[in-house]
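# Report on the structure
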Amino acid sequence: MAYNNPTESPSGAIREVTLGSSANPVVVGGETSLPFYLFEGAMPHKPKVAMEVFDAAPEGWPEALTDAIGDVLGDPVAWAKANVEKHGADMICVVLASTDPNGADASAESAAATVRAIVDAVDVPVVVYGSGNAEKDTEVLKKVAETVTDERLAIGPATEDNYKPITAAALGYGHVVIAETPIDVNMAKQLNILMTQLGLDADRILIDPSVGAVGYGLEYAYTVMERLRLAALNQNDGMTQMPMIVTIGREAWRAKEARATEEEEPAWGDAAKRGVMWEASTAISLVMSGADVLVMRHPEAVRLVKTAIDGLASQ
Amino acid sequence: MALTGLDIFKLLPKTNCGECGTPTCLAFAMKLAQGQAELTLCPYVSDEAKAQLASAAAPPMRAVTVGVGDSAFTVGEETVLFRHDKTFVNPAAFGASIDSGASDGEIDAAIAACKAADFERVQQRLRCGFLAVRSTGDAARFAEVASKVAAADVPVVLVTEDPAHAEAALGAIASSKPLLHAATESNADAMIELAKKHSVPLAIRAKGLEALSALTEKAADAGLTDLVIDSAPTTAGEALRDHVFARRAALNQKFAPLGYPVITFPAEISGGDQMLETVYATADLLKYGSIIVLSSAEAWQMLPLLVARQNIYTDPQRPMQAEAKIYEIGTPGPDAPFVVTTNFSLTYFIVSSEIETAKVPMYLGIVESEGLSVLTAWAAGKFVPERIAKFVNDSGIAEKVSHRDVIIPGAVAQISGELKEELDGWNVVVGPYEAADLGAFVKKRAS
Ligand code: SF4
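Here is what the cut-offs are and how they apply
Residues numbered from 1 in each chain as written. Chains lettered and ligands numbered in written order. Predicted model: local features only at pLDDT ≥ 70, side-chain atom pairs only at ≥ 80, totals over all residues. Heavy atoms only, no water. Core = buried A, V, L, I, M, F, W, Y, C linked by side-chain atoms within 4.5 Å. Buried < 20%, exposed > 50% of the residue type's maximum accessible area, 1.4 Å probe, protein only. Domains from an automatic or database assignment. Contact = heavy atoms within 4.5 Å. Buried area = accessible area lost by both parts, 1.4 Å probe. Salt bridge = Lys/Arg side-chain N within 4 Å of Asp/Glu carboxyl O. Polar contact = N/O pair within 3.5 Å; in protein donor to acceptor, adjacent residues only side chain to side chain. Helix = DSSP H or I, 4+ residues; strand = E, 2+ residues; numbered from the N terminus. Nonpolar A, V, L, I, M, F, W, Y, C, P; charged D, E, K, R; others polar. Disulfide = S-S within 2.5 Å. Arc of directions from axis to C-beta. Phe/Tyr/Trp six-rings, centres within 6.5 Å; stacked < 30°, edge-to-face > 60°. Lys NZ or Arg CZ within 6 Å of the ring centre and 35° of its normal. Patch = residues over 30% accessible without salt bridge, like charges linked within 9 Å, V, L, I, M, F, W, Y side chains within 5 Å. Areas by Shrake-Rupley, 256 points an atom, 1.4 Å probe, with all protein chains shown as cover. Lys, Arg positive; Asp, Glu negative; His and termini not counted. Charge placed at Lys NZ, Arg CZ, Asp CG, Glu CD. Pairing = 2+ DSSP bridges.

With 222 residues, the main nonpolar core has Ile92 and Leu294 of chain A together with Leu202 of chain B as its most contacted residues. Split by domain, the residues of this core number at least three in each of domain 2 (63-312) and domain 3 (326-446) of chain B. With near-sequence residues (within four places) excluded, Ile92 of chain A lies in contact with Ala50, Met51, Val53, Ala80, Asn83, Val84, Ile118, Val122, Val124, Pro125, Val126 and Val127 of chain A. Ala336, Val374, Phe383 and Ile397 of chain B belong to the second-largest nonpolar core, a separate cluster that totals 24 residues.

Pasting the structure below:
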């Protein structure tokens, strides 16, 4: 029996979405094959890492994480610069956690000022996540969208509850919208349909499929993303062809296995390495199921995943 | 690929004699294709047709077992490329490696580390599966170290390309069914002979799938069936490409020479970076590695891999379930809060993790609800007042806590009244909608 390479030829392609300034744009998406199946398609833009910056010093993070980030934790601009200059972030993801009405309830104006300052400080694209409170996010993201008009941001999460005003804000000021749905192929498609019906171009949407970390629902995220990607490539289904953005940092560092100290769990080994591994293995799993933008937290996990992306692309 | 009814029909006598119990050959062929009849029912089928049908029915990927007794593991027999099509079958094995040239102390430590990497999660045992012994000294030392590992009841992978070393080690531990790695283009005849003589599984290693297929065919011609393949990739991208091609060839094209489980050595492409090695091991897990050899069994490395494996090898249609019982999280005292939720493993993990993060010890009651999440279970009638009340009454929680407050998920606030009626003497408290808010919720109640 003779062996022949069993290649396949997918008919669809992922859309290209452009982010950032006109001087330094970054394109994501564009794949014509499953992730790194370079033997039968192309991956013109490797997956990009958007490193997180919180608008106010986060609380309750494990020491292994805060030590690695260092004393920039309370200074969003310095944190963003360190991510780009020291850790090689392809983008910055500003998390406006302090706007949460159940928390510090910071104003939309102050959030927009933080985003503005970060955009001015770094020359990479900026992704903006609200606190996840649908009502407050509407107000905050609208203010952000109208404050930064010289660069294309990605703003979200736009959900079933608030996609209309957020889409309207993005439309008016030229931004990209992050469409978030709870781990479900059809719901992701449906939200994309609704947003494009409002007049938003399909190449101005990123899908956030609501992922889980290793041990916390990774299998659901992995499979839903794989199915979205297969529908996009093999069935040429236009409403699944948006690039995907995944919030790895948030999910991985919630896991008990990433947070527990060696005193708490002596059988689990080195806490610093274990935490980094939790984020990095979650990240690589989602990269291999189709993620285009990885929202990440720990500099060492970022280094590992960027190295692995280069390794996977080398065939 | 499985034969269709029409393919099978072409192989039958087409006389429609009815002796098989089905009136026509065509109808019988259809039954065969659906697995509703046995070929032996037709007395007239030719030997040639029998052989063709048997080979079509053989699994497209062999199962291979390494080791003996309780510690043995079986890999392979996979049937799909994507887990949403069907559950992956035999979980990949993760193990560590040691050099036979290492000191006795180092070897004991490696065995101990492999034994220590043994965790329990959702009622499944997750552990380091084997040790690979690499021959870096003389043949006698290789046999000695292999014996030490086998005597510790750890399955062994013998890593050597020198048949004399393989012979020495197999002479000592063949009865423990080690995997011999590897037959290559330069030693294939001798290694195949050894694997046959000692009846042990054999790994075949060759650069590229064409060379690899030629060698597996040679081994199969010699009568070996328990083979494992290694395409000797030099980058993660080559590993991915080779594994995808091998699985597609085996499953989609029924290309038997590649229908074997894959062994990988992620350290070979990681430049000595053990964390990067772990990332590549994750990639091997997702894309078709079955035996994954790591450089060590350190817990920080094994735990994420074994948990990811548990995720990837679960049934995509049926959620994993946590055991229904009272979990003590932190060290709860008699006045610690008591919370109930469903036995969907993800619900259990998220809630228990949030309680730990909040650093407020609690009793967490996991109610049997067929592995559904809170809202789904409630809608399906599995997380309802009668069930919750029965669980609380049978659980013995009343002896553990001095209060009588049971906190239910905010998502099922509507059942609180009915639950109170069912639960004599208990006060039902509606908790937060999101698990993430549980810590703040109980802290607020306490103050
Ligand atoms: S016994 Fe064989 S030949 Fe007769 S009808 Fe059945 S399949 Fe056809």
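Turning our attention to the interface of chain B and chain A. Residue-level contacts link 56 residues of chain B with 56 residues of chain A. Across the chain B/chain A interface, buried area totals approximately 4,900 Å², and carbon plus sulfur atoms make up 67% of it. For chain B, the biggest contributors to the area lost against chain A are Arg248, Met275 and Trp300 of chain B; these three give 13% of the whole. The interface formed by chain B and chain A includes eight salt bridges. Between Arg121 of chain B and Glu257 of chain A there is a salt bridge whose closest N-O contact spans 3.1 Å. For the pair chain B and chain A, the interface holds 17 residue pairs in polar contact (both at pLDDT 80 or more). The set of elements that each furnish at least two residues to the side of chain B that touches chain A consists of β4 (118-121), α8 (209-221), α9 (236-252), α10 (274-286), α11 (299-312) and α12 (345-358) of chain B. Ranked by residue count, the leading element in the side of chain B that touches chain A is α9 of chain B, at 10 residues. Here the residues of the side of chain B that touches chain A are counted per class, giving 32 nonpolar, 12 polar and 12 charged.

Once that is clear, we can look at the domain arrangement of chain B. With domains assigned, chain B is organised as domain 1 (5-57), domain 2 (63-312) and domain 3 (326-446). Here the C-alpha centroids of domain 1 of chain B and domain 2 of chain B sit 40 Å apart.

Linking two cysteines covalently through their sulfur atoms gives a disulfide. Residues and elements named next belong to chain B. Here the structure, examined in full by the defined rule, presents one disulfide over all chains. Paired through a disulfide, Cys114 and Cys128 show a sulfur-sulfur distance of 2.4 Å. Taking the sign of the torsion about the S-S bond as the criterion, the disulfide between Cys114 and Cys128, at about -95 degrees, is left-handed. With Cys114 in helix α4 (residues 104-116) and Cys128 in the loop between β5 (124-127) and β6 (131-134), the pair connects residues that are 14 residues apart, well separated along the chain. Like Cys114, the residue Cys128 is buried in the burial classification.

The next thing to look at is helix α2 (residues 25-33) of chain B. All names here are of chain B. Among the residues of α2, Cys25, Phe28, Ala29 and Leu32 are the ones counted as buried. In a view along the axis of α2, the buried residues occupy a sector of 100 degrees, so they form one face of it. On the buried face of α2, the contacting elements are α1 (5-11). Looking at the residues trailing α2, positive phi occurs at Gly35, about 75 degrees.

So, on to the environment of Ala239 of chain B. Relative to the helices and strands, Ala239 of chain B resides in helix α9. For the pair Ala239 of chain B and Ile269 of chain B, spaced 30 residues apart in sequence, the C-alpha separation works out to 9.4 Å.

Scanning all chains against the criterion turns up 13 aromatic pairs over all chains. Plain terms: the ring middles of Phe54 of chain A and Trp61 of chain A are 5.1 Å apart, the flat faces sit at 90 degrees to each other, and that makes the pair edge-to-face. By relative accessible area, Trp61 of chain A is classed as buried at 15%. Taking 5.7 Å as the distance between ring centres and 40 degrees as the angle between the ring planes, the aromatic pair formed by Phe73 of chain B and Phe130 of chain B counts as tilted. One end of the pair, Phe73 of chain B, is in strand β2 (residues 73-76); the other, Phe130 of chain B, is in the loop between β5 and β6, and 57 residues separate them in sequence. Using a relative accessible area of 10% as the deciding quantity, one classes Phe73 of chain B as buried. When its relative accessible area of 0% is taken as the criterion, Phe130 of chain B is described as buried. Three or more aromatic residues joined by ring pairs make a cluster, and in this case those are Tyr216 of chain A together with Tyr327, Tyr348 and Phe349 of chain B. Positioned over the ring face of Tyr216 of chain A is Arg121 of chain B, at 5.5 Å from the centre of the ring. Here the guanidinium or amino end of Arg247 of chain B rests over the ring plane of Phe88 of chain B, the centre of that ring lying 5.9 Å away.

Time to look at a negative patch on the surface. All names here are of chain B. A cluster of acidic side chains, namely Glu386, Glu418, Glu421 and Glu422, defines a negative patch on the protein surface. A total of three residues in the negative patch trace back to one element, the largest contributor, which is helix α16 (residues 416-422). Here Glu422 is to be found in helix α16. Overall, the relative accessible area of 36% leaves Glu422 in the partly exposed class.

Here we come to the pairing of strand β3 (residues 48-54) of chain A. Residues and elements named next belong to chain A. Of all seven residues making up β3, seven are buried, and the element is well covered by its neighbours. Residues of β3 alternate between two faces, with Lys48, Ala50, Glu52 and Phe54 on one and Val49, Met51 and Val53 on the opposite face, all of them buried. Where β3 and strand β10 (residues 291-296) come together, four bridges link them in parallel fashion. Bridged to Met51 within β10 is Met296. Relative to strand β4 (residues 91-95), β3 runs parallel, the two sharing five bridges.

Glancing now at unusual backbone geometry. With an omega of 0 degrees, the peptide bond between Gly156 of chain A and Pro157 of chain A qualifies as cis. Along the chain, the position of Pro157 of chain A falls in strand β6 (residues 154-158). In this chain, His181 of chain B is followed by Ala182 of chain B through a cis amide linkage whose omega measures 15 degrees. Looking at where Ala182 of chain B falls in the secondary structure, it is placed in strand β8 (residues 179-183). Of note, Asn236 of chain A is a non-glycine position whose phi angle comes to about 55 degrees, a positive value. A relative accessible area of 42% places Asn236 of chain A in the partly exposed class. Phi is positive for Lys14 of chain B, close to 60 degrees, though the residue is something other than glycine. Within the secondary structure, Lys14 of chain B sits in the loop between α1 and α2.

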